[in-house]
Amino acid sequence: MSLPEQPATFRQPTPAERPWTWRLENAAGEVVTVSGDHADQRFASQADAESWVGEIWSDLAAEGVDAVTLFEHDRQVYGPMSLHA
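Sequence order as written defines residue numbering, which begins from 1 separately in each chain. Only residues with pLDDT of at least 70 get local features here, since the model is predicted, and only at 80 or more are side-chain atom pairs given and counted; chain-wide, interface and lining totals rely on the full set of residues. As a convention, hydrogens and water are excluded, and side-chain values are obtained from all of the structure's heavy atoms.

Description of the sheet that holds strand β2 (residues 67-72)
Pairing between the strands of a sheet is mediated by backbone hydrogen bonds and can be parallel or antiparallel. Spatial strand order, β1-β2-β3: three strands in an open sheet with antiparallel pairing. The strands lining the two open edges of the sheet, one partner per strand, are β1 (20-25) and β3 (75-82). The mean angle between the axes of side-by-side strands here comes to 20°, regardless of whether they run parallel or antiparallel. For two strands to pair, DSSP has to find at least two bridges joining them. Under the scheme used here, helices are H or I runs from DSSP no shorter than 4 residues and strands are E runs no shorter than 2 residues, and both carry numbers assigned from the N terminus. Bridge count between β1 and β2: six bridges; the pairing is antiparallel. Residue pairing across strands places Trp22 opposite Leu70, the latter belonging to β2. Its contacts with the sheet put helix α1 (residues 46-62) on β1, β2 and β3, and the angle it makes with β1 is roughly 25°. Axes here refer to lines fitted to C-alpha atoms; in helices the fit is confined to the stretch in contact. Angles between the N-to-C directions go from 0 to 180 degrees. Throughout, a residue-residue contact means that at least one pair of heavy atoms, one from each residue, lies within 4.5 Å.

Observations concerning unusual backbone geometry
Between Gly79 and the following residue, Pro80, the backbone shows a cis peptide bond with an omega angle of 5°. Along the chain, Pro80 falls in strand β3. We note that Asp40 has phi near 50°; this positive angle belongs to a residue other than glycine. Inspection of the secondary structure puts Asp40 in the loop between β1 and α1. Look at His73: it is not a glycine, yet its phi comes out positive at around 55°. Mapped onto the elements, His73 comes out in the loop between β2 and β3. Judged by its relative accessible area of 43%, His73 falls in the partly exposed class. When accessible area is computed with a 1.4 Å probe and restricted to protein chains, residues below 20% of their type maximum are described as buried, those above 50% as exposed, and intermediate ones as partly exposed.

A word on the nonpolar core
Nonpolar cores are built from buried Ala, Val, Leu, Ile, Met, Phe, Trp, Tyr and Cys residues. Side-chain atoms within 4.5 Å join them into one set. With 15 residues, the main nonpolar core has Trp22, Leu24, Trp52, Leu60, Val65 and Val68 as its most contacted residues. Residue contributions to this core peak at five residues, all from α1. Residues in contact with Val68, not counting those within four places in the same chain, are Trp22, Arg23, Leu24, Val53, Gly79, Pro80, Met81 and Leu83.

Considerations on the layout of surface pockets
Cavity means a closed set of points on a 1 Å grid over the protein atoms alone, one where a 1.4 Å probe fits but cannot get out, pocket means an open set with protein on both sides within 12 Å along at least 5 of 7 lines, and lining means a residue has an atom within 4 Å of a point. Grid points are joined across faces, edges and corners, and a volume is the space filled by probe spheres set on the points. By volume, the largest pocket amounts to about 280 Å³. Along the walls of the largest pocket sit 15 residues, with Trp22, Leu24, Ala39, Asp40 and Gln41 positioned nearest its centre. The greatest single-element share of the lining of the largest pocket, amounting to four residues, is contributed by β1. Split by residue class, the lining of the largest pocket holds eight nonpolar, four polar and three charged. Three classes are used, and their members are as follows: Ala, Val, Leu, Ile, Met, Phe, Trp, Tyr, Cys and Pro are nonpolar, Asp, Glu, Lys and Arg are charged, and the others, Gly among them, are polar.

Below, the structure written as structure tokens:
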């Protein structure tokens with residue numbers, strides 16, 4: 001006997017439910033891996049993704065991120081966008 005699927009509130013969202021991601025890059029355009037709460041973030045909407053990066057861009061820059069590129073699934077939406085003035 002199999003158990004019913006967990007309700008959305010009790011399971012990790014799938015990539016289909018949170019298709020928006022940021023690729024974090026250094027000045028050479030190579031992917032930067034960050035630690036802690038900033039790693040592997042996924043978002044339900046473009047607005048959520050943009051709000052998140054707007055709030056923590058200085059933390060990302062302190063971890064060696066020079067630019068970010070926004071993706072919806074595998075489609076590049078825009079970027080790279082510099083985190084430096």
